[in-house]
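Reading the structure
Here is what each chain is made of, one letter per residue.
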Amino acid sequence: MEAVERRPFYLYSKPQITRNVEAYKEALEGLNSIIGYAIKANNNFLILQHLKNLGCGLYCEFDLDNIVSAARIAGKKVNVLLRINPDVDPQVHPYVATGNKNSKFGIRNEKLQWFLDAVKSYPDELTLVGAHCHLGSTITKVDIFRDAASIMVKFIDEIRAQGFDINYLNIGGGLGIDYYHTGTVLPTPRDLIDTVRELVLSRNLNLIIEPGRSLIANTCCLVNRVTGVKTNGTKNFIVIDGSMAELIRPSLYDAYQHIELVSPPSPDSAVSTFDVVGPVCESADFLGKDRDLPSPASGSGLVVHDAGAYCMSMASTYNLKMRPPEYWVDEDGSVAKIRHGETFEDHMRYFEGL
Ligand SMILES: *Cc1c(COP(=O)(O)O)cnc(C)c1O
């Protein structure tokens, strides 16, 4: 199998994807609801097919002008939701906060009437069916969703009062996962849905939820090979073949992802503190900092956990690294490739005929 030769590679658990969807489905029982998977978290086509087979919708977004032109081209009237910025602080890293007043996303209160009038002015193209917000990502306190939902139902009341027959509330995605593996109990999909359930029922709404990370992050790890161990006198480094090109979250927003060696070391092996780094020419090229690990032999395996969301979908060819192949493991333990690794020939194809 190619995976034995080529590192790094992404390895997913198909049953874990199924379990994550089931957790949302069970949490949503008793509500009219849609699970709209946020494709940007992971766009592997076979994973998308699997999610679709499990009943998920697949979501991306456009702006008003684009929707109007698309509706005209298709000759169809389209159902739209207005993305409102409820100005709620999601208490996460600023790069993944999207629903507070300083972010570029969504319509602020002051502009709402302008958009409602705009929708009214395209009666042949647009039907307003609901309101949408998305607060940010890696959220670990579900109160934040309840606060946003209470603000959103007030907007819905206001919009309905103008004669719009809107029946959908989309509260976005954003639920965090346990990246730290410390055993801290984080809110589950059920905790999230239960905090907004009464509000949704009180207005007789259909609830749309758009999870990305919480459906896919914990289903995958990036499998690397250790190329060596070195020290600069003050710090120790484990150098691996994976890098910020395949997994950029630690470099981009100092995200923590749990790291382990593949073969459990003998219990008496000494542990040291290492930065786990790749071969790319950037000091930002690290997968983990200050990790206590036994000293690995060159060639041994090292995994970065919870690499299913915003890892492969953000991978690049920086430093001429080719994007890695993806595999998944099924219920019966069988492994199948679900995307080819990029090759140098793929790269050269962009130059053909020039
Ligand atoms: C990214 C995004 C999501 C998914 O966020 P997660 O944190 O991955 O759950 C949902 N809705 C919108 C509009 C997004 O941009």
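Quick caveat: nothing in here was measured; it's all calculated off a predicted structure.

A closer look at the UniProt feature "domain: Orn/DAP/Arg decarboxylase 2 N-terminal" (unreviewed entry) in the chain
Taking the UniProt record as the reference, the feature "domain: Orn/DAP/Arg decarboxylase 2 N-terminal" (unreviewed entry) is found at residues 76-217. Strand forms 14% of residues 76-217 and helix 32%; the C-alpha atoms that close the span are 36 Å apart.

A word on the packing of helix α6 (residues 143-161) against helix α7 (residues 189-202)
The geometry of α6 relative to α7 is characterised by a closest axis approach of 9 Å and an angle of 25 degrees between their N-to-C directions. As far as their axial angle goes, α7 and α6 are roughly parallel. In terms of crossing hand, the pair formed by α6 and α7 is right-handed. Residues Phe145, Arg146, Ala149, Ser150 and Val153 of α6 pack against Leu192, Thr195, Val196 and Leu199 of α7. Residues that form the contact of α6 with α7 fall into these classes: 6 nonpolar, 2 polar and 1 charged.

Quick look at unusual backbone geometry
Cis peptide bonds are those with omega within 30 degrees of zero, and the linkage from Arg7 to Pro8 qualifies with -10 degrees. For Asp254, which is not glycine, the phi dihedral falls at a positive 55 degrees. You can see Asp254 is positioned in the loop between α9 (249-253) and β10 (259-261). Although it is not a glycine, Asp306 sits at a positive phi angle of roughly 55 degrees. Mapped onto the secondary structure, Asp306 falls in the loop between β13 (301-304) and β14 (326-329).

Points about α6
Owing to its 3.6 residues per turn, the α-helix brings residues three or four apart onto one side. Taking 1.5 Å of rise per residue, 19 residues should cover 27 Å, and α6 covers 27 Å from first to last C-alpha, within 8% of that figure. When we look at burial in α6, the residues that qualify are Ile144, Phe145, Ala148, Ala149, Met152, Val153, Phe155, Ile156 and Ile159. Buried residues along α6 cover an arc of 165 degrees about the axis, so they all sit on one side. For α6, exposure combined with an orientation more than 90 degrees from the buried face picks out Lys154 and Ala161. Against α5 (112-120), β5 (126-132), β6 (168-170) and α7 lie the buried residues of α6. One or two residues past the end of α6 sits Gly163, with phi positive at roughly 95 degrees.

A few points about the pattern of salt bridges
Taken as a whole and judged by the stated rule, the model has 14 salt bridges. A salt bridge links Asp275 to Lys235; its shortest N-O distance comes to 3.3 Å. Here Lys235 lies in the loop between β8 (220-231) and β9 (236-240) and Asp275 lies in strand β11 (residues 271-277), a separation of 40 residues in the sequence. When its relative accessible area of 4% is taken as the criterion, Asp275 is described as buried. The residue Glu342 makes a salt bridge to Arg323 at a minimum N-O spacing of 3.0 Å. A residue pair is termed long-range when its members are at least 10 positions apart, and Glu342 in the loop between β15 (335-339) and α10 (344-349) and Arg323 in the loop between β13 and β14 qualify at 19 residues. Assessed through its relative accessible area of 15%, Glu342 is described here as buried. Residues joined by salt bridges that share partners form a network here, namely Lys235, Asp275 and Asp290.

Quick word on the site of the ligand
The environment of the ligand is made up of 14 residues, and the closest members are Lys40, Ser137, Glu210, Arg213 and Tyr310. One of the backbone N or O atoms of Gly174 is found 2.8 Å from an oxygen atom in the ligand. In the model, a nitrogen atom of the ligand is placed 2.6 Å from a nitrogen or oxygen of the Glu210 side chain. Protein burial of the ligand: of its 390 Å² of free accessible surface, 91% is covered by the chains. Here the residues of the shell around the ligand sort into 3 nonpolar, 6 polar and 5 charged.

Some thoughts on the packing of aromatic side chains
In this structure the tally under the stated criterion is 4 aromatic pairs. Centre to centre, the rings of Phe9 and Tyr327 are 5.5 Å apart; their planes meet at 80 degrees, and the pair counts as edge-to-face. Linking Phe9 in strand β1 (residues 9-13) with Tyr327 in strand β14, this pair joins segments that are 318 residues apart in sequence. Like Phe9, the residue Tyr327 is buried in the burial classification. For the pair Tyr180 and Tyr256, a centre-to-centre distance of 4.6 Å together with 20 degrees between the ring planes defines the contact as stacked. A residue pair is termed long-range when its members are at least 10 positions apart, and Tyr180 in the loop between β6 and α7 and Tyr256 in the loop between α9 and β10 qualify at 76 residues. A relative accessible area of 48% means that Tyr180 is categorised as partly exposed. The ring of Trp114 is capped by Lys111, whose NZ or CZ atom sits 5.5 Å from the centre of that ring. The ring of Phe286 is capped by Lys289, whose NZ or CZ atom sits 4.2 Å from the centre of that ring.

Conventions we followed
- Residues numbered from 1 in each chain as written.
- Predicted model: local features only at pLDDT ≥ 70, side-chain atom pairs only at ≥ 80, totals over all residues.
- Heavy atoms only, no water.
- UniProt positions renumbered as here; feature names shortened; annotations may be inferred.
- Helix = DSSP H or I, 4+ residues; strand = E, 2+ residues; numbered from the N terminus.
- Axes fitted to C-alpha atoms, helices over the stretch in contact; angles between N-to-C directions.
- Parallel < 35°, antiparallel > 145°, perpendicular 65-115°, else oblique.
- Left-handed = near helix turned anticlockwise from the far one by under 90°.
- Contact = heavy atoms within 4.5 Å.
- Nonpolar A, V, L, I, M, F, W, Y, C, P; charged D, E, K, R; others polar.
- Expected span 1.5 Å × (residues − 1).
- Buried < 20%, exposed > 50% of the residue type's maximum accessible area, 1.4 Å probe, protein only.
- Arc of directions from axis to C-beta.
- Salt bridge = Lys/Arg side-chain N within 4 Å of Asp/Glu carboxyl O.
- Near = heavy atom within 4 Å.
- Polar contact = N/O pair within 3.5 Å; in protein donor to acceptor, adjacent residues only side chain to side chain.
- Areas by Shrake-Rupley, 256 points an atom, 1.4 Å probe, with all protein chains shown as cover.
- Phe/Tyr/Trp six-rings, centres within 6.5 Å; stacked < 30°, edge-to-face > 60°.
- Lys NZ or Arg CZ within 6 Å of the ring centre and 35° of its normal.

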